[in-house]
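Inside the fold
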Amino acid sequence: MTLLPFEYYIERYLEGSITPEEWKSLQDLINNPDNDIILDRIMDSQLASRFASAENYPLVIERLKKELIENRLIKEPVLEKEKQEPFQQEKQEAPQPSYSVRFLKKAHLRYAAAILLLLIGVSIAYFWMSVGNAEKLTTTDTYHHLETDIGPGGEKALLTLADGSTIILDNAENGNLAQQGSAQVVKLADGQIVYNMEDLAGEVLWNTMSTPVGGQYQVILPDQTKVWLNAASSITYPTAFVDKTRKVKITGEAYFEVAKNKQKPFLVDIDGKLTVQALGTSFNINSYKEELSVKTTLIEGSVRIYNETLTSLPISEQQLNSSVILMPGQQAQVSSKDIKVTSGADIDQALAWKNGVFDFNDADIRAVMRQLERWYDISVKYEGNISGHIFKGKMYRNVNLSDVLEMFKKMGINFKIDGKTLTITE
Amino acid sequence: MNLDTKLPEKNLYNEKELLLRIANADERAFESLIERFGSTIYGHALMYLKDARLAQEVSQDILLNVWKHRSELPNIENFAGYVFVMTRNRVKTVLRKKIMSFAELPEDGIHSALAGTEAGLEYKELRDIINAGIEELPPRRKQIFKMSRFGGLSYDEIARQLNIGKSTVKDHVLEALVYLRAYMKEKHGIVLSALLGVFLSAMTFLIGMIF
């Protein structure tokens, strides 16, 4: 029996014996509609025998159940509230909220207007490490005395043009915002900022988009690379990528979907400390100063990380040797002079902010509070010995601070709130 | 494609009832649906995507989709066929995306492995883990896999020796790879870079097969 070329490449791919040349051929063939039918046929026969077999991945089943049921991915929160809320009486004054689980569809940055309550996982499981804290489950009602609640962050950013003038983006009307060289800066109906023409012969003008504490924003760079900026972050980029590399600078946290262009490597300079080189790739960089390390999480494609600022490519052998390449699903943590790579990074967690969610999986209380500080523009203090609280679960980001505090209360976390200062007490 | 002739009975005599309960948002019922189809979906996704995490995400998406469209479930005549087609299409989409986005993979995998900082596991330890995984394969599959990987026999040669079809041999080898990949991840959380790095020198061939 002779195999069609495409069939052969698929087989080689599945076996893991495909060569680089064959890989290229597979790439050429995979999108051909005729081959789609062949792929259907191959998969059909494999699936048929798979449906017949009794193979079992119990740990996977457990995780699927956990994610889909226990963590309530399938849950419309309104049901959860009715069923699970032993604290209902405390919420009676609140109007019946309407909910959305839209974020699951990756509706980037589109916050449903009316989400009130927070938990996707009912329960943010919460462990008291010390004994005898049961009485602390009854917490003070301090937050009820809040005269004005603190709302969540939103779509806010400041655009600084090459001449130093600034545009406040949440107020700006849609349409043309400015002319930068030959590029027009346009604000789309959904709030995105786009540079609609790349004039490679023109003058290079540098723009900076920055988000305040409690803000986030999205920009499409002149090369069509998409960038999401988390709160208290910034990106500086040229209005045309005329150099041999596409170089941008960031602070804080950003998620990139880099447009493919093999001729022009995409370089992200992180606060003058390190450089991430991307080759048609999606990745998240968390470089907040208050976090212990700069975390780069690769979603797809590949990136190379240099523990220094690059001025140009190509680079020296030594620089290459001290750099690290990430594979999808890996995370690099860069601290002072050390790069640590871990596989199986929690991608959901790394991208949660972009999808409108806090993901507190296994976070300790201080890491959780740092996120809240950046999103609610509050400052958090600690009184006494606060530790041993491990959070689990997820929460929408577009809820008011009082809802977050409500949750803390249920978890038995004691706190006081005074203006914009949240104090966690023992 | 007529799924009825292709799909064996999965003993879903109460399938109708199960689907009705799911349509009524019964979580228990959905749980047993996950138990019935989760491994099948996952196995297929893992075979094609070669990434346990991605396979898990894809499986999750497919099942979530079933849940989202639960109101339509009672009208579905052949539910296994419905899952079948959804799995095939979803895996195809992700596979295409993966193939198109991994232009540099063959080279980068090596660089990454060599640059990896987690070379803590010893060669012997890894070899033991893989061998333990192979030992957990069903006897026939184990035999065929060993003949193929360690005996250096071609599919044709194995087929002739065992007097079975070549495609059966191939299926066993591919399934063994899916199993080993899941085994490494589930039982040992094996880190790709470390594994590759240590193995490249000694077991290039086998490693190519697994990752």
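Worth saying up front: this structure is predicted, and the values here are computed from it rather than measured. (Residues numbered from 1 in each chain as written. Chains lettered and ligands numbered in written order. Predicted model: local features only at pLDDT ≥ 70, side-chain atom pairs only at ≥ 80, totals over all residues. Heavy atoms only, no water.)

**Quick word on the overall build of chain B**
Selection rule: What counts as a helix is a DSSP run of H or I of at least four residues, what counts as a strand is a run of E of at least two, and both are numbered from the N terminus. Exposure categories follow from relative accessible area, calculated using a 1.4 Å probe and restricted to protein chains: below 20% of the type maximum is buried, above 50% is exposed, and the middle band is partly exposed. In this analysis, two residues are considered to be in contact whenever any of their non-hydrogen atoms come within 4.5 Å of each other.
Counting its regular elements, chain B contains eleven helices and zero strands. For chain B, the N- to C-terminal ordering of α and β elements is α-α-α-α-α-α-α-α-α-α-α. Relative to its 211 residues, chain B shows a buried fraction of 49%. Of the contacts made within chain B by residues no fewer than 6 positions apart, 68% connect residues no fewer than 24 positions apart.

**Topic: the overall build of chain A**
Applied cut-off: Here the Shrake-Rupley method, with its probe set to 1.4 Å, supplies the accessible areas, and only the displayed protein chains count as covering residues.
Per the secondary structure count, chain A includes nine helices and 26 strands. Here chain A holds 426 residues, and 53% of them are scored as buried. Of the contacts formed within chain A by residues at least 6 apart in sequence, a portion of 57% connects residues at least 24 apart. Put simply, chain A shows about 18,900 Å² of open surface, and 52% of that area lies on carbon and sulfur atoms.

**Considerations on the nonpolar core**
Rules: As used here, the term nonpolar core means buried Ala, Val, Leu, Ile, Met, Phe, Trp, Tyr and Cys residues forming a set that is joined through side-chain atoms within 4.5 Å.
Phe30(B), Leu33(B), Tyr48(B), Phe79(B) and Leu95(B) are the most contacted members of the largest nonpolar core, which totals 77 residues. Among the elements that line this core, the one with the most residues is helix H3 (residues 27–49) of chain B, at twelve residues. Counting 43 residues, the second-largest nonpolar core is a separate cluster that includes Tyr217(A), Ile235(A), Ile250(A) and Val258(A).

**Topic: the confidence of the model for chain B**
Residue and element names in this part refer to chain B. Under the convention used in this document: Residue-level confidence of the predictor, termed pLDDT, takes values from 0 up to 100.
Mean pLDDT for chain B: 73, with 69% of residues reaching 70 or above. By mean pLDDT, helix H6 (residues 105–115) is the weakest element of chain B at 32, and H3 is the strongest at 91. The low-confidence segment residues 1–13 (pLDDT under 50) makes 26 contacts with residues lying over four places distant or belonging to another chain. In this model, residues 106–122 is a region of pLDDT below 50 whose contacts with residues beyond four sequence positions or in other chains number 30 contacts.

**So, the packing of aromatic side chains**
All names here are of chain A. Where we set the bar: The aromatic pairing rule takes the rings of Phe, Tyr and Trp, using the six-membered ring of Trp, and pairs them if the centres are within 6.5 Å, calling planes under 30 degrees apart stacked, those over 60 edge-to-face and the rest tilted. A ring is considered to have a charge above it if a Lys NZ or an Arg CZ atom is located within 6 Å of its centre and within 35 degrees of its normal.
Evaluated as defined, the whole model comprises twelve aromatic pairs over all chains. Aromatic pair Tyr 195 and Tyr 237: ring centres 5.4 Å apart, planes at 80°, arrangement edge-to-face. Of this pair, Tyr 195 sits in strand S6 (residues 193–195) while Tyr 237 sits in strand S10 (residues 234–238), and the two are 42 residues apart along the sequence. Taking relative accessible area as the criterion, Tyr 237 reaches 0% and is therefore assigned buried. Three or more aromatic residues joined by ring pairs form one cluster here, namely Phe 241, Phe 256, Phe 266 and Phe 283. Between Arg 374 and the ring centre of Tyr 288, over which it is positioned, the NZ or CZ distance is 3.6 Å. The ring of Trp 375 carries Arg 397 above its face, with NZ or CZ at 3.7 Å from the centroid.

**Some words on the pattern of salt bridges**
So the rule is basically this: The salt bridge definition used is simple: a Lys or Arg side-chain nitrogen within 4 Å of an Asp or Glu carboxyl oxygen.
For the structure shown, the criterion picks out 28 salt bridges over all chains. Between Arg41(A) and Glu7(A) there is a salt bridge whose closest N-O contact spans 3.8 Å. Within this pair, whereas Arg41(A) is found in helix H3 (residues 33–52), its partner Glu7(A) is found in helix H1 (residues 5–15), the two being separated by 34 residues in sequence. Take Arg41(A): its relative accessible area is 46%, and that puts it in the partly exposed class. The shortest N-O distance in the salt bridge between Arg90(B) and Asp61(B) comes to 2.7 Å. Linking Arg90(B) in helix H5 (residues 79–101) with Asp61(B) in helix H4 (residues 52–68), this pair joins segments that are 29 residues apart in sequence.

**Some thoughts on the packing of helix H8 (residues 365–376) of chain A against helix H9 (residues 401–411) of chain A**
All names here are of chain A. For clarity, the cut-off: Axis geometry follows a simple rule: fit a line to the C-alpha atoms, using only the stretch in contact for helices, then measure angles between N-to-C directions, giving values from 0 to 180 degrees. By definition in this entry, angles of less than 35 degrees are roughly parallel, angles greater than 145 are roughly antiparallel, angles of 65 to 115 are roughly perpendicular, and the rest are oblique. The handedness criterion is simple: a crossing whose near helix is rotated anticlockwise from the far helix by less than a right angle is left-handed, and one whose near helix is rotated clockwise is right-handed. Note on residue classes: Ala, Val, Leu, Ile, Met, Phe, Trp, Tyr, Cys and Pro are nonpolar, Asp, Glu, Lys and Arg are charged, and everything else, Gly too, is polar.
At their nearest, the axes of H8 and H9 sit 12 Å apart, and the two run at 160° to each other. With respect to H9, the axis of H8 lies roughly antiparallel. Once H8 is placed against H9, the crossing between them reads as left-handed. Contact with H8, carried on its side by Met 369, Leu 372 and Tyr 376, involves Leu 401, Val 404 and Phe 408 of H9 and no other residues of that element. In the contact of H8 with H9, the residues fall into six nonpolar, no polar and no charged.

**Topic: the side chain of Asp269(A)**
Residue and element names in this part refer to chain A. Which entries qualify depends on this criterion: In protein, a polar contact requires one atom able to donate a hydrogen and another able to accept it; more generally it is a pair of N or O atoms within 3.5 Å, and residues adjacent in sequence count only if both atoms are side-chain atoms.
With respect to the element layout, Asp 269 can be found in strand S12 (residues 266–270). Within polar-contact distance, the side chain of Asp 269 engages the backbone nitrogen of Gly 272 at 2.7 Å. With sequence-adjacent residues up to four places away left out, Asp 269 is seen in contact with Lys 247, Val 248, Lys 249, Ile 250, Leu 274 and Thr 309.

**Some remarks on H9(A)**
Residue and element names in this part refer to chain A. Across the eleven residues of H9, ten count as buried, placing the element largely inside the fold. Of the residues making up H9, those classed as buried are Leu 401, Ser 402, Asp 403, Val 404, Leu 405, Glu 406, Met 407, Phe 408, Lys 409 and Met 411. Residues of H9 that are buried sit in contact with H8, strand S23 (390–391), strand S24 (394–396), strand S25 (414–418) and strand S26 (421–425). Following H9 by one or two positions, Gly 412 adopts a phi angle in the positive range, close to 80°.

**Thoughts on the environment of Thr40(B)**
Tracing the backbone through its elements, the reader meets Thr40(B) in helix H3. The exposure class of Thr40(B) is buried, given its relative accessible area of 3%.

**What to know about the environment of Glu383(A)**
Residue and element names in this part refer to chain A. Tracing the sequence through the fold places Glu 383 in the loop between strand S22 (379–382) and S23. By relative accessible area, which is 39% here, Glu 383 ends up partly exposed. Linking Glu 383 and Glu 426, residues 43 residues apart in sequence, is a C-alpha distance of 6.3 Å. Other than its neighbours up to four places away in sequence, Glu 383 contacts Lys 416, Thr 423, Ile 424, Thr 425 and Glu 426. In this structure the side chain of Glu 383 is engaged in a polar contact, spanning 3.4 Å, whose partner is the side chain of Lys 416.

**Re the packing of H3(A) against H5(B)**
Look at H3(A) against H5(B): their axes get within 10 Å of each other, and the N-to-C directions meet at 130°. Relative to H5(B), the element H3(A) lies oblique. Note that H3(A) runs across H5(B); the crossing there is right-handed. Counting all contacts with H3(A), which are made through Asp36(A), Leu39(A), Asp40(A), Met43(A), Asp44(A), Leu47(A), Ala48(A) and Phe51(A), the residues of H5(B) involved are Ala80(B), Val83(B), Phe84(B), Thr87(B), Arg88(B), Val91(B), Lys92(B), Leu95(B) and Arg96(B).

**Examining the sheet that holds S22(A)**
All names here are of chain A. For clarity, the threshold we go by: Only strands joined by at least two bridges in the DSSP assignment are considered to pair.
Read across the sheet, three strands follow the order S22-S26-S25 without closing on themselves; strand pairing throughout is mixed. Among the strands making up the open sheet, the edge pair consists of S22 and S25. Across this sheet, the average inter-strand angle for adjacent strands is 25°, counted without regard to direction. The pairing of S22 with S26 spans four bridges and is classified as parallel.

**Some remarks on helix H2 (residues 20–30) of chain A**
This is how the line gets drawn: This arc corresponds to the set of directions leading from the helix axis out to the C-beta atoms.
Within H2(A), the full set of buried residues consists of Glu22(A), Trp23(A), Leu26(A), Gln27(A) and Ile30(A). Looking straight down H2(A), one finds its buried side chains confined to an arc of 150°; they lie on one side. Across from the buried face of H2(A), at angles greater than 90 degrees, the exposed residues are Glu21(A) and Asp28(A). Taken together, the buried residues of H2(A) touch H1 and H3 of chain A together with H5 of chain B.

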